[in-house]
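So the chains spell out like this:
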Amino acid sequence: MRYVQMDTQSDPESVTYPSTEKQKELLKLLVNELKEFGWNDVKMDEWGYVIATIPSNSTKKVPVVCFCSHVDTAPDCSGKNVKPILHSMYDGSDIILPDDPSQVISLDQHPYLKNKIGDDIITASGTTLLGADDKAGVAIIMELAKYVKSHPEILHGEIKLLFTPDEEIGKGVDHLNIQSLGADFCYTLDGGELGSLESETFSADGLELEIVGVIAHPGAAKGKLINAIKLAASVIDLLPKNELAPEVTEGRRGFLHPTDIKGTAEKASIRFILRDFDDRNLDAYADLIEQAVKSTLASFPHARYTLKRTEQYRNMKTVLDKYPQVVDLAAQAMKNCGIEPVMLPVRGGTDGSRLSFMGLPSPNIFTGEMALHSVQEYVSVQDMEKSLAVLLQLIQLWESTGK
Ligand SMILES: [Zn+2]
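Each value, and the rule that gives it
- Residues numbered from 1 in each chain as written.
- Predicted model: local features only at pLDDT ≥ 70, side-chain atom pairs only at ≥ 80, totals over all residues.
- Heavy atoms only, no water.
- Donors = N, O, S within 2.8 Å, 3.2 Å for Na, K, Ca; no water.
- Tetrahedral: all angles 85-135°; square planar, octahedral: opposite > 155°, others 65-115°.
- Helix = DSSP H or I, 4+ residues; strand = E, 2+ residues; numbered from the N terminus.
- Buried < 20%, exposed > 50% of the residue type's maximum accessible area, 1.4 Å probe, protein only.
- Pairing = 2+ DSSP bridges.
- Axes fitted to C-alpha atoms, helices over the stretch in contact; angles between N-to-C directions.
- Parallel < 35°, antiparallel > 145°, perpendicular 65-115°, else oblique.
- Left-handed = near helix turned anticlockwise from the far one by under 90°.
- Contact = heavy atoms within 4.5 Å.
- Nonpolar A, V, L, I, M, F, W, Y, C, P; charged D, E, K, R; others polar.
- Phe/Tyr/Trp six-rings, centres within 6.5 Å; stacked < 30°, edge-to-face > 60°.
- Lys NZ or Arg CZ within 6 Å of the ring centre and 35° of its normal.
- 1 Å grid on protein atoms, 1.4 Å probe; cavity = no way out; pocket = protein on both sides within 12 Å on 5 of 7 lines; lining within 4 Å.
- Points joined across faces, edges and corners; volume = space filled by probe spheres on them.

**A short note on the coordination of the zinc ion**
Donor atoms from the polypeptide that bind the zinc ion are H70 (NE2), D133 (OD), D190 (OD) and D190 (OD), placed at 1.9 to 2.4 Å. Each of the 4 donor atoms bound to the zinc ion contributes to angles spanning 55 to 143 degrees, and the resulting shape is irregular. Motif for the zinc ion, donor spacing along one chain: H-x62-D-x56-D. Linking D133 in helix α2 (residues 132-150) with D190 in strand β9 (residues 185-191), this pair joins segments that are 57 residues apart in sequence. Given the relative accessible area of 6%, D133 is considered buried.

**Let's talk about the pairing of strand β12 (residues 255-263)**
In this structure, β12 lies alongside strand β13 (residues 267-276), joined through 8 bridges in antiparallel fashion. Each bridged residue has a counterpart across the sheet, and for D260 the counterpart in β13 is R271.

**Some thoughts on the packing of helix α7 (residues 324-336) against helix α9 (residues 381-400)**
Direction vectors running N to C along α7 and α9 enclose 125 degrees, while the axes themselves pass 8 Å from each other. By the angle between their directions, the pair α7 and α9 is classed as oblique. The interaxial crossing formed by α7 with α9 has right-handed handedness. In contact with Q325, V326, L329, A330, Q332, A333, M334 and N336 of α7, α9 contributes V390, Q393, L394, L397 and W398. Per-class residue counts for the contact of α7 with α9 are 9 nonpolar, 4 polar and no charged.

**Focus: the packing of aromatic side chains**
Following the criterion strictly, the structure yields 7 aromatic pairs and no others. A centroid spacing of 6.1 Å and a plane angle of 35 degrees characterise the contact between Y17 and Y49, whose relative ring orientation is tilted. Here the residue Y17 occupies a position in the segment before α1 (23-37), and Y49 occupies one in the loop between β1 (42-44) and β2 (50-54), the gap between them amounting to 32 residues. Relative accessible area serves as the criterion here: at 13%, Y17 is assigned to the buried category. Classification of Y49 by relative accessible area gives buried; the value is 0%. Every member of this aromatic cluster is reached through a ring pair, and the members are Y17, W47 and Y49. In this structure, K149 packs its charged tip against the face of W39, placed 4.2 Å from the ring centre. Above the ring of F277, the side-chain terminus of R252 is found at 5.7 Å from the ring centroid.

**Some remarks on unusual backbone geometry**
P18 follows Y17 through a cis peptide bond whose omega is -5 degrees. The topology assignment puts P18 in the segment before α1. Residue D134 follows D133 across a cis peptide bond; omega there is 10 degrees. The topology assignment puts D134 in helix α2. Residue L244 is not a glycine yet carries a positive backbone phi of 55 degrees. When you line up the elements, L244 lands in the loop between α4 (228-238) and β12. Residue class for L244 comes out buried when judged on its relative accessible area of 12%.

**As for empty space enclosed by the protein**
Under the defined criterion, the tally for this structure stands at 2 cavities of 30 Å³ or more. In terms of lining, the largest cavity is formed by C68, S69, H70, D134, T164, E167, T188, L189, D190, T350, D351 and G352. Residue assignment for the lining of the largest cavity shows that the elements contributing at least two residues are β3 (65-70), β9 and α8 (351-357). Here the lining of the largest cavity is composed, by residue class, of 2 nonpolar, 6 polar and 4 charged. Together, V62, P63, V65, H156, G157, E158, I159, I395 and W398 line the second largest cavity. Split by residue class, the lining of the second largest cavity holds 6 nonpolar, 2 polar and 1 charged.

Written out as structure tokens, the structure is:
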């Protein structure tokens, strides 16, 4: 509740790193608190990354495991003057947020809360997000750091703690030096529902189509003008409507999705995103778009087009499959805490997908954060406590694999 009161919103328009200076205030606070707990090897680097080392207390050689969370909050919703409210022993009735009583957190809208009756629920006050994404993760990792200091009987290998800025604007690991972090495996603490263990994300590409028509004065355009806007509209019209679109797709099915269109009669451009769990399907989606363009332009030999495809991120399962122990031990840690792991593929990306491809396999563990990026965001304190319990199991399981 202390951390969420600090405004750490990131800014996609910014050209600095971190994108907003205010994120460093929380990052500095974390450095100081970790030192107060008694951990001395804690640094914030020039980019704002905070890295702390908890030395091994085991006689065995154990892989170095890192826990990571991001300090920034999403630009979609205000993160200024967040007033967290603790609803002790939630009884299942509507939670009316006091600063905007039209904001009501109800079981109808948030069915997950049905399992949280009796828990202590934290919400914001109605005009801002809460910032449990990802300060729930930050708090869980900080509590872990504090707990292991006062419980030397818990055996563990070397542990790295990593706090990052700018995750919400897709730049969370842009300047991270993986070598100097020195971890073998990592877990991001940025998942939602109790038990969620995410090891599979979308693979993602962007595709930009530009169509150039032929311009002419409309008063004398007969037989000459080729209107690029109409060509663009035709391309969109030819794309699948009842399949392969996000509005008709769920589970493991991917999609192609126009996100932006602009143009004049002379020139029009459309931006697409392509998403699938299987990289090969991204090629198929790019082909579908190109086919639609070609068949549109077939009767207009004087019109031209270009297609530019860029890789955005890749399904981290490809990497994690090579190190099955990373996910297996996390699942085992949950079971040891009486929690059934829920391993659903993520229809999006995480910092973990990028970390995995940078050489640091990084599945995502639940924190309890829910209704992200909205004024109705909430988190159950008991979910956070269970996440901490899982981490304590996990570090001991890793220690037991040492030799
Ligand atoms: Zn997050």
